[in-house]
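Each chain, written out:
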Amino acid sequence: MTIQPFNSAYFLLLLLTGLVTAAIAHRFSHRPEADRERAIYALSTFNILLFVLYKGLLSRDGDFLVVSNMEKFNWLNELPIQLCNINLFLIPIGLKRRDRALMGFSFFVAPLGALAAITCPEPAFSGYSVLLSRIIGFYGTHAMLIVSGFSLATLGFYRPEKRDFPGIYAAASVMGVCIHVINFLLRKGLCPQANYFFTYPTDIAILHLFWKLIPVPLLYLLPAFGILMVYMLLVCGVFRLLDYAKEQRAIRWVI
């Protein structure tokens, strides 16, 4: 079985991701806070180890180099500081500090970024057997990022609220500037193709459109903040509806 956007394997992956998220919530949501916290740390630790193993195997994958038109594997282009996989570390850090800005960023951005990655994968990760190590690593780590991000809410540590938006935007802005500096330095010679957080223009359609509007590195991503706002408002609306439905069930139970 091969996997590519919108084929049966793709939808099966999304289904399994949802089922794992639901299973973890069912298993731990009524447990003491310490148990729920350890569950998220365990998820994060597992995914970090999976990420390291995946990148290690990828560095030995000759076919990956050919498909990606790379002469050699560059570890500096595979660091966990992309928009989605930076949450491998932000999720446990935000949880440990009980930092709503970091947890909010991870809750909203980790699943959204991971879903975007598996929906618009690079050629080396689309149309290949699900048994290939790079396919297991790529889709596995991104699926687990979705699980971990949503688990912040399903296990009761984060509830999306509009009051968190300024902090989330501040966190995103600070990270964006820092990552852009890293890209700038790496592009000086160590890794000319470095483009974490896509702070430089890329061939992704919507980002190409943004570049036409604002042809300035990093700043061209500003329209993405508007899209993120709409997404966060929609998610908050869903949670309000769920809270309302829960209240109505409680009222009917009392009556």
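So, here is what we can say about the structure in this document. (Residues numbered from 1 in each chain as written. Predicted model: local features only at pLDDT ≥ 70, side-chain atom pairs only at ≥ 80, totals over all residues. Heavy atoms only, no water.)

With respect to the packing of helix H2 (residues 33–58) against helix H4 (residues 87–97)
Okay, so step 1: Where H2 contacts H4, the two axes come as close as 9 Å, and the packing angle between them is 160 degrees. Between H2 and H4, the angle falls in the class roughly antiparallel. Crossing handedness for the pair H2 and H4: left-handed. Mapping the contact onto sequence places Glu37, Ile40, Tyr41, Ser44, Asn47, Ile48 and Phe51 in H2 and Leu88, Phe89, Ile91, Pro92, Leu95 and Lys96 in H4.
Okay, so step 2: Of the residues belonging to the contact of H2 with H4, the class tally is 9 nonpolar, 2 polar and 2 charged. (Axes fitted to C-alpha atoms, helices over the stretch in contact; angles between N-to-C directions. Helix = DSSP H or I, 4+ residues; strand = E, 2+ residues; numbered from the N terminus. Parallel < 35°, antiparallel > 145°, perpendicular 65-115°, else oblique. Left-handed = near helix turned anticlockwise from the far one by under 90°. Contact = heavy atoms within 4.5 Å. Nonpolar A, V, L, I, M, F, W, Y, C, P; charged D, E, K, R; others polar.)

Notes on the packing of aromatic side chains
Okay, so step 1: Taken as a whole, this structure holds 17 aromatic pairs when the rule is applied.
Okay, so step 2: Here Phe51 and Tyr54 contribute two aromatic rings whose centre-to-centre distance is 6.3 Å and whose plane-to-plane angle is 75 degrees, an arrangement assigned as edge-to-face. Taken together, the residues span about one helical turn, with Phe51 and Tyr54 both in helix H2 at a distance of 3 residues. Accessibility classification places Phe51 together with Tyr54 in one group, the buried group.
Okay, so step 3: With centroids separated by 5.8 Å and ring planes inclined at 75 degrees, the aromatic side chains of Phe107 and Phe239 adopt a geometry described as edge-to-face. Remark: Phe239 occurs in helix H9 (residues 222–254) and Phe107 occurs in helix H5 (residues 100–119); sequence separation between them is 132 residues. (Phe/Tyr/Trp six-rings, centres within 6.5 Å; stacked < 30°, edge-to-face > 60°. Buried < 20%, exposed > 50% of the residue type's maximum accessible area, 1.4 Å probe, protein only.)

Some words on the packing of H4 against H5
Okay, so step 1: Their axes nearest at 8 Å, the elements H4 and H5 cross at an angle of 145 degrees. Crossing geometry of H4 relative to H5 is assigned as left-handed. For the pair H4 and H5, the contacting residues are Asn87, Leu90, Ile91, Ile93, Gly94, Leu95 and Arg97 in the first and Leu102, Met103, Phe105, Ser106 and Ala110 in the second.
Okay, so step 2: Its residues placed into classes, the contact of H4 with H5 shows 8 nonpolar, 3 polar and 1 charged.

Quick notes on the environment of Met232
Okay, so step 1: Along the chain, Met232 turns up in helix H9.
Okay, so step 2: For Met232, a relative accessible area of 0% puts it in the buried group.
Okay, so step 3: Placed 75 residues apart in sequence, Met232 and Phe157 show a C-alpha to C-alpha distance of 17 Å.
Okay, so step 4: In this structure, Met232 is in contact with Phe108, Phe165, Ile168 and Tyr169, ignoring residues within four places of it in sequence.

Digging into unusual backbone geometry
Okay, so step 1: The phi angle at Asn69 is positive, at roughly 55 degrees, despite the residue not being glycine.
Okay, so step 2: On the secondary structure map, Asn69 appears in the loop between helix H3 (62–67) and H4.

Observations concerning the side chain of Thr199
Okay, so step 1: As for its position among the elements, Thr199 is in the loop between helix H7 (165–186) and helix H8 (205–213).
Okay, so step 2: In this structure the side chain of Thr199 is engaged in a polar contact, spanning 2.8 Å, whose partner is the side chain of Asn183.
Okay, so step 3: Look past the residues within four positions of Thr199 in its chain and what remains in contact with it is Gly176, His180, Asn183, Pro217, Leu218, Tyr220 and Leu221. (Polar contact = N/O pair within 3.5 Å; in protein donor to acceptor, adjacent residues only side chain to side chain.)

A closer look at the pattern of salt bridges
Okay, so step 1: If you walk through the whole model with that rule in mind, you get 11 salt bridges.
Okay, so step 2: A salt bridge links Arg98 to Glu37; its shortest N-O distance comes to 3.2 Å. A residue pair is termed long-range when its members are at least 10 positions apart, and Arg98 in the loop between H4 and H5 and Glu37 in helix H2 qualify at 61 residues.
Okay, so step 3: The class of Arg98 is partly exposed, set by a relative accessible area of 33%. (Salt bridge = Lys/Arg side-chain N within 4 Å of Asp/Glu carboxyl O.)

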